[in-house]
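A look at the structure
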Amino acid sequence: MGQFVEILNGIRVLDFGRYIAGPFCGALLGDLGADVIRIEKVAGSEDRFTTPVNPGDPAGEVGANFLHLNRNKRGLTFNPKKEGAREILQRLVSGSDVVIANLPQSGLRDIGIDYESLSSIKPDIILASSSAFGAGGPYLDKVGFDGVAQAMSGNMHMTGPADHPTRSFNPYVDFTTGALNTIAILSALMHRHATGEGQEVQGALLASALTVGGAALIEEAMTHINRQASGNRGQTAAPSDTFRTRDGWILVSAVGQPLFERWANLMGETMWLTDERFATDASRGEHSELISERMQAWTIERTTAEVIAALESARIPCGEVLSPRETLAHPQVDAMNYLEPVEYPGIGRFPLPRLPIEFSKLPHDASRPPPTLGEHTEEILIELGFNHAEISSFREQRIV
């Protein structure tokens, strides 16, 4: 099955999620053994095709994000807004425990999966919704993606050079929201087990971004320091920066007095330990440019391998700056067995990230690949009690 089936076996999840936050939440629940049904448009939802790994394929493009985030799910094509779709939706909800959707409240109501509508069908249902800006305030029904939350949380202001706000390439806000909603769903299931009550749990991209950036917001509120971006160079400890070597780049992150002392000893210069400008993490952060300059002069004379070996010998945290191609070939990545080779029809084998957690008491099997478009539609409808004639009629009407 490719799942830790002992944990959520018997729990059914309807995944109306799109793009990242919702689908990632569904993938995690699938990893833990839930029967997750991905519900998408009859012709395929947008996130199935974005960032295709087979661009221009006449048989149909398949997107990298879709492949990443829809493991261990069954696929159902379904249009809940079509006339005649109500019976299917009612049966789906009646037989499910959790509904996932990353839409604003107006969007949920539009397709009939807001909490009031769902709970009228199944009182103990759990709805996990996530939106860009939460369930209240002037931005209630505004749409937004990961980058918008990065921009509004202060993160982009502090990333990249001071004169060019820069977003993180990888959408950390979406993934954080999906992970937090998974925690919320597991908590709601425990609450339901104890009380019999269902409920709605709500995440928001901006709330997730504010969570990740919480320390910077607290610092600003209390000190009014008004920090400005400084590229990769840290402002609260040093050396904390990226450095060019003779054949590449490395990142060093030294936080705390013991690590700074090890770095000074590695440089062979005691002045760093006697100068008051470098007495604490805070003061080293204020003068981090001087420390980075010294470190850069040292690394540029050595290869990446030589720099990494010396830093590791001194027990100073460091790592190579790798391209995705180099990451795939790295021996540590290979040894972790985290990227599983999975076959998908029409595109072949690809490296699928699995649940990034190890359990000492639970086995891990190979993950099931994401579903092809509508792969399990007939199977699921038969489970719901529809006969073949009814299913054929649904297909003719483009309900499924």
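Residues numbered from 1 in each chain as written. Predicted model: local features only at pLDDT ≥ 70, side-chain atom pairs only at ≥ 80, totals over all residues. Heavy atoms only, no water.

**Points about empty space enclosed by the protein**
In total, this model carries one cavity of 30 Å³ or more according to the counting rule given. For the largest cavity, the calculated volume is near 40 Å³. If you trace the largest cavity, you find it lined by L103, Q105, S129, S130, S131, G134, A135, Q202 and G203. Looking at the lining of the largest cavity, the elements with two or more residues in it are strand 5 (126-131) and strand 6 (199-204). For the lining of the largest cavity, the element with the most residues is strand 5, which contributes three residues. (1 Å grid on protein atoms, 1.4 Å probe; cavity = no way out; pocket = protein on both sides within 12 Å on 5 of 7 lines; lining within 4 Å. Points joined across faces, edges and corners; volume = space filled by probe spheres on them. Helix = DSSP H or I, 4+ residues; strand = E, 2+ residues; numbered from the N terminus.)

**Overview of the nonpolar core**
One finds F16, F78, I88 and L92 to be the most contacted residues of the largest nonpolar core, which totals 28 residues. When residues of this core are traced back to their parent elements, those giving at least two are strand 2 (35-40), helix 4 (86-94), strand 4 (98-101), helix 6 (115-121), helix 18 (377-383) and helix 19 (388-396). Among the elements that take part in this core, helix 4 stands out by supplying four residues, more than any other. Non-local contacts of F16, meaning those with residues more than four positions away in its chain, are made with I39, L89, V99, I100, A101, N102, I111 and I113. Grouped together as the second largest cluster of nonpolar side chains are 21 residues, I11, I20, I100 and A188 included. (Core = buried A, V, L, I, M, F, W, Y, C linked by side-chain atoms within 4.5 Å. Buried < 20%, exposed > 50% of the residue type's maximum accessible area, 1.4 Å probe, protein only. Contact = heavy atoms within 4.5 Å.)

**Section: the pairing of strand 11 (residues 348-353)**
Alignment of strand 10 (residues 339-344) against strand 11, held across six bridges, turns out to be antiparallel. Residue L339 lies in a different strand from strand 11, and its bridge partner there is P353. Hairpin connection, strand 10 to strand 11: the antiparallel pair is bridged by three residues, and G346 has positive phi, about 90°. (Pairing = 2+ DSSP bridges.)

**Side note on the sheet that holds strand 9 (residues 318-320)**
Reading across from one edge, 7-8-9 is the order of the three strands in this open sheet, with antiparallel pairing throughout. Both edges of this open sheet fall to strand 7 (240-244) and strand 9, since each of them pairs with a single strand only. Recorded for the sheet is a direction-independent mean angle of 20° between the axes of neighbouring strands. Alignment of strand 7 against strand 8 (residues 249-253), held across five bridges, turns out to be antiparallel. (Axes fitted to C-alpha atoms, helices over the stretch in contact; angles between N-to-C directions.)

**Brief notes about the environment of G107**
Tracing the backbone shows G107 in helix 5 (residues 105-110). Among the residues examined, G107 registers a relative accessible area of 17% and is labelled buried. With 34 residues separating them in the primary sequence, G107 and D141 have C-alpha atoms 8.5 Å apart.

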